[in-house]
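# Notes for the structure review
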Amino acid sequence: MSTETKKGVISGSLPVILGQYTDYNFKFTEVEIPNARFVNGRKYPVAIKLTYTKNNEASDDDSRLYEELAQFVYDLSKDYDTFKTLVRKFGALAIKGFNSTDPENFSLFVRNFAKGSNLSEFKQNGIAHPREDVAKGGVTTVNKTTGFRRLYAHQELCRFKTYPSILTFFAKYPSKTGGDETLTNASELYNVVKQKYPEFIDAMAKKGIYLTQTWPLGQKLPNGKVYSWKSEHSFGRLIKEGDDLETQKRKAGEICKKYVSEDYEWTKDGGMKINEHTKPIRLDPYNKEPIIFGSIPSYYQKYKWNLENIGPNIPPAVTYDNGEQIPLKYLNFILEQSIELSFDYKFEAGDIVLVDNYTSYHGRTKYGDQRREILACFLDDDQQEKKVPIPFVSS
């Protein structure tokens with residue numbers, strides 16, 4: 001009779017997630033996050049820690065470790081939906097103990113999580129600042145325009161025609177101070193705005209919100225990169241070397257109309273102005289809780305910064321969709337609360353953070369001129385299974 005130990009998942013849910021494989025045994029357990037928030041009776045965010053032991057005859061090859069871990073992640077995702085369930089229940093999930101800062105190992109983890117969870121790489125279009133591809137499966141750099149200003153709360157691409165459902169972040173090289181990932185729960189933000197200014201919630205639901213942003217033809221950034229609508233992850237995915245400007249514009253317009261907005265225009269200096277029309281008061285499709293699904297805090301803060309640093313004759317970046325001005329007391333309050341309600345997650349090297357793009361706003365704190373390398377991969381549900389936040393008018 002064979003006494004060989006069963007290989008694969010032993011337990012697929014908390015409090016202890018276990019797997020036994022040829023060379024390694026794996027365990028995930030929940031760990032406390034100091035000062036975690038509680039939203040609608042649930043922790044926000046939640047964290048699990050990976051530990052593992054090597055079997056006696058296993059080699060010292062690290063690649064084998066991450067290959068078997070990837071198989072464990074795939075098995076957990078396919079048979080138990082472990083990670084997707086956790087991130088959608090709690091809004092954000094930190095995974096500690098990965099013990100690698102190699103982007104290829106992160107890519108392997110994410111691709112197996114995605115494959116087992118019926119998720120796929122979300123192709124980025126309409127990104128505001130340059131990204132660089134780093135590893136397979138859509139692993140890229142994040143916005144590194146400047147570390148001297150906070151990146152304010154937003155949900156990735158939420159005002160566009162298409163947007164990802166789950167975001168993944170990886171700490172290749174976190175800054176020593178600052179540079180924390182900020183997480184604000186969209187349901188908690190809805191609750192506090194509804195309590196203070198219920199008429200603002202009603203107005204957003206009934207009138208909708210208009211947001212506008214202009215991508216320049218070419219603007220050199222402090223980090224040496226060029227900010228342009230021609231960038232691959234902005235609107236340049238179809239542009240080829242040798243295309244003249246009019247061809248480039250036509251191709252950028254095709255991307256815009258398909259993935260971003262059908263309402264765009266070209267400025268006199270060759271910029272691409274995108275007009276975004278959205279209904280931000282919605283129901284989360286998974287927990288059925290009301291949320292504010294929009295990037296109002298980040299848009300409004302950018303407008304405030306422009307007023308202070310460029311000049312007073314700048315049209316507002318956020319209005320009701322009928323063109324009516326939004327009282328500043330409402331915009332100031334939603335900006336203030338997006339900061340007040342934020343949980344600031346301090347990255348450690350090798351940390352992976354999964355974020356539900358419907359439930360959570362994300363951003364980051366200032367970190368100055370320190371080195372900081374955080375990578376990202378955006379994921380989306382298969383089209384047959386995709387659910388999106390549904391606009392509604394609150395009672």
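A few points on the structure.

Each value, and the rule that gives it
Residues numbered from 1 in each chain as written. Predicted model: local features only at pLDDT ≥ 70, side-chain atom pairs only at ≥ 80, totals over all residues. Heavy atoms only, no water. Pairing = 2+ DSSP bridges. Helix = DSSP H or I, 4+ residues; strand = E, 2+ residues; numbered from the N terminus. Axes fitted to C-alpha atoms, helices over the stretch in contact; angles between N-to-C directions. Buried < 20%, exposed > 50% of the residue type's maximum accessible area, 1.4 Å probe, protein only. Salt bridge = Lys/Arg side-chain N within 4 Å of Asp/Glu carboxyl O. Disulfide = S-S within 2.5 Å. Contact = heavy atoms within 4.5 Å. Parallel < 35°, antiparallel > 145°, perpendicular 65-115°, else oblique. Left-handed = near helix turned anticlockwise from the far one by under 90°. Nonpolar A, V, L, I, M, F, W, Y, C, P; charged D, E, K, R; others polar.

Moving on to the sheet that holds strand 26 (residues 390–391). Strand order in the open sheet formed by three strands is 20-19-26, with antiparallel pairing between adjacent strands. Of all the strands in the sheet, the pair left with one neighbour each is strand 20 (290–292) and strand 26. As defined by bridge partners, strand 19 (residues 281–283) adjoins strand 20 across three bridges and the pair is classed as antiparallel. Note that in strand 20 the partner of Ile281 across the bridge is Ile292.

If you trace the four strands from one edge of the open sheet to the other, you get 11-24-13-22, paired in antiparallel fashion. With one partner strand each, in any of the chains shown, strand 11 (151–154) and strand 22 (343–345) form the two edges of the open sheet. Along the sheet, successive strands turn relative to each other by an average axial angle of 20 degrees, direction set aside. Pairing analysis gives two bridges linking strand 11 to strand 24 (residues 360–364), with the strands arranged antiparallel. Each residue of the ladder has a partner; that of Leu151, found in strand 24, is Arg364.

Time to look at the pairing of strand 18 (residues 272–278). For a regular strand, side chains alternate in direction, first toward one face of the sheet and then toward the other. Of all seven residues making up strand 18, five are buried, and the element is well covered by its neighbours. Counted between consecutive antiparallel strands, the loop separating strand 17 (residues 264–266) from strand 18 contains five residues, among which Gly270 sits at a positive phi close to 90 degrees.

So, on to the pattern of salt bridges. This structure, assessed with the given rule, holds 24 salt bridges. Residue Lys43 pairs with Glu30 through a salt bridge whose shortest N-O separation is 2.8 Å. Here Glu30 lies in strand 3 (residues 24–31) and Lys43 lies in strand 5 (residues 42–44), a separation of 13 residues in the sequence. The class for Glu30 is partly exposed, based on a relative accessible area of 35%. Sharing partners across several salt bridges, the network here consists of Asp23, Arg64, Glu67 and Glu68.

Turning to the state of the cysteines, a few remarks are in order. Counted by the stated rule, this structure contains zero disulfides. With no disulfide of its own, Cys158 lies 15 Å from the sulfur of Cys256, the closest cysteine sulfur. With a relative accessible area of 2%, Cys158 lands in the buried category.

Listed in full, the buried residues belonging to helix 6 (residues 245–260) are Gln248, Lys249, Lys251, Ala252, Gly253, Ile255, Cys256 and Val260. Contact partners of the buried residues in helix 6: strand 17 and strand 18.

Right, let's get into the environment of Thr146. Among the structural elements, Thr146 can be located in the loop between strand 10 (139–141) and strand 11. Classification of Thr146 by relative accessible area gives buried; the value is 19%. For the pair formed by Thr146 and Pro222, sequence separation is 76 residues and the distance between their alpha carbons is 7.2 Å.

Our focus in this paragraph is the packing of helix 4 (residues 186–196) against helix 8 (residues 328–340). Packed helix pairs are specified by the crossing angle of their axes together with the interaxial distance, meaning the distance between the axes. Relative to each other, helix 4 and helix 8 sit at 140 degrees, their axes nearing to 10 Å. As summarised for this structure, helix 4 and helix 8 are arranged oblique, according to the angle between their axes. Once helix 4 is placed against helix 8, the crossing between them reads as right-handed. Two secondary-structure elements touch here, helix 4 through Leu189, Val192, Val193 and Lys196 and helix 8 through Phe333, Ile334, Gln337 and Ser338. Split by residue class, the contact of helix 4 with helix 8 holds five nonpolar, two polar and one charged.

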